[in-house]
Amino acid sequence: MVGTNVVADADPGTGEGRPGPEKAANAVTLTVTNKQQLAEGVVSVTLARPDGGRLPDWTPGSHIDLVLPDGTVRQYSLCGDRWDAHTYRIAVLREPAGRGGSAYVHDRLRAGDRVGVGGPRNHFPLAPSESYVFIAGGIGITPLLPMVRQAELLGADWQLLYGGRSRASMAFRDELVAAYGERVHVVPQDELGLLDLNACLGTPRADTKVYCCGPAPLLAAVEDACASWAPYALRTERFTAGDQAAPVRDGAFEVELRRSGRAVTVTPGISVLEAVRVAGVDVLSSCEQGTCGTCLTPVLDGQPDHRDSILTDHQRAANDCMFVCVSRSCGDRLVLDL
Ligand code: FES
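Keep in mind that what you see is a predicted model, and the values were worked out from it rather than measured.

### A word on the overall build of the chain
Next, step 1: A count of helical and extended segments in the chain gives eight helices and 18 strands.
Next, step 2: Relative to the globule expectation of 20 Å for 338 residues, the C-alpha radius of gyration of the chain, 20 Å, shows essentially globular dimensions.
Next, step 3: Dimensions of the chain, computed from C-alpha atoms along their principal axes, come out at roughly 60 × 50 × 35 Å.
Next, step 4: Looking at the chain as a whole, 52% of its 338 residues are labelled buried.
Next, step 5: Sequence separation of at least 24 residues holds for 69% of the intrachain contacts in the chain that already meet a minimum separation of 6.
Next, step 6: For the chain, the exposed surface amounts to about 14,400 Å²; the carbon and sulfur share of it is 49%.
Next, step 7: When the 32 basic and 41 acidic side-chain charges of the chain are each reduced to a single mean position, those positions are 4 Å apart.

In structure tokens form, the structure reads like this:
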């Protein structure tokens, strides 16, 4: 499902996850061809190859890893035209409480600068459906923008609920309303209050999928509203890790690293990722909270205790991969392809 070993961070538009190794494998160098103020606190950045060549294809919901000239790595959703093979567009929210990545983009990044780009990768793919409800909170609009276009292109029935602090802070608001009219419901909180989730999610619909991206309170409200919908009808992308139940297992467990011919004991209080690194095996990571997907590792034997915010229930049940920064083991032993 998702690629491995590309450093990323944890947020569709703020890019402000927890610290990790500030490097990205397989990064290519792109040029900033345009930077624009989109809304209060939000700028767009357009990227292209220095030689004008073709960029790797991507699908709605994909993100890239942006390696800034100061070495910082952040993750941003692609929100441009997926059929434009020569440019990528991202939108970046200034995060005053962030670690400086968004501030760098806002204050220092200029047209003509070179940046490293890893990916694209997609942990939030758009599944086929006759009908969609898209729900965005603030900068969470970015991964949904290409989904809306795709749904329109495929002739699906869809609506977008887009909430934000105020009209001025809501990027792409005019563009969406101009293109799609009444399908788009713009709800600035200072004028209209919170999104009316009951009105659109109150009655489960078998032919409809719900895609939501935004801050944690919005995701929790949408999850509640979809509690009686069919399994997998709701897909979310998180800015930060969701609440987790206690680990299945209290005690230590063994992890065999089959390709390296080593074994490590993972004690309570350290992660599989830390234990593996202590054993001298490097695994790239970034968010270290189970949201970015960088540390995906194939599982050869054993049952992981999945504690990430990425895999679906179906993918968890396959027991063939895990995010080693947060996930643990249900049993005494796991065998990893490391
Ligand atoms: S490092 Fe982000 S999911 Fe593990």
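Having seen the model, we can carry on.
### A few points about the nonpolar core
For soluble globular proteins, the rule of thumb is that nonpolar side chains tend to be buried together.
Next, step 1: Residues Phe134, Trp158, Leu160 and Leu176 are the most contacted members of the largest nonpolar core, which totals 29 residues.
Next, step 2: For this core, the elements supplying multiple residues, two or more each, are strand S7 (131–137), helix H2 (141–153), strand S8 (157–164), helix H3 (173–180), strand S9 (184–188) and strand S10 (208–214).
Next, step 3: Taken together, domain 1 (8–121) and domain 2 (131–238) each give at least three residues to this core, which thus spans both.
Next, step 4: Setting aside residues up to four positions removed in sequence, Leu160 forms contacts with Phe134, Ala136, Ile141, Val148, Leu176, Arg183, Val184 and His185.

### What to know about the pairing of S10
Next, step 1: By the criterion of burial, S10 is predominantly enclosed, with six of the seven residues buried.
Next, step 2: Bridge analysis of S7 against S10 gives six bridges, and the strand direction is parallel. By the bridge assignment for S10, Tyr132 is matched with Lys209.
Next, step 3: One crossover worth recording links S10 to the parallel strand S11 (residues 234–238) by way of helix H6 (residues 216–225), and it is right-handed.

### Quick word on the environment of Ala252
Next, step 1: Mapping Ala252 onto the fold places it in the loop between S11 and strand S12 (253–257).
Next, step 2: A residue is classified by how much of its surface remains accessible, and Ala252, at 32% relative accessible area, is partly exposed.
Next, step 3: Expressed as a C-alpha distance, the spacing of Ala252 and Ala317, which sit 65 residues apart in the sequence, is 22 Å.
Next, step 4: Ignoring anything within four residues of it in the chain, the contact list for Ala252 reads Thr265, Val266, Thr267 and Pro268.

The rules we used
- Residues numbered from 1 in each chain as written.
- Predicted model: local features only at pLDDT ≥ 70, side-chain atom pairs only at ≥ 80, totals over all residues.
- Heavy atoms only, no water.
- Helix = DSSP H or I, 4+ residues; strand = E, 2+ residues; numbered from the N terminus.
- Rg over C-alpha atoms; globule rule 2.2 N^0.38 Å.
- Buried < 20%, exposed > 50% of the residue type's maximum accessible area, 1.4 Å probe, protein only.
- Contact = heavy atoms within 4.5 Å.
- Areas by Shrake-Rupley, 256 points an atom, 1.4 Å probe, with all protein chains shown as cover.
- Lys, Arg positive; Asp, Glu negative; His and termini not counted.
- Charge placed at Lys NZ, Arg CZ, Asp CG, Glu CD.
- Core = buried A, V, L, I, M, F, W, Y, C linked by side-chain atoms within 4.5 Å.
- Domains from an automatic or database assignment.
- Pairing = 2+ DSSP bridges.
- Right-handed = clockwise from strand over helix to strand, strands pointing away.

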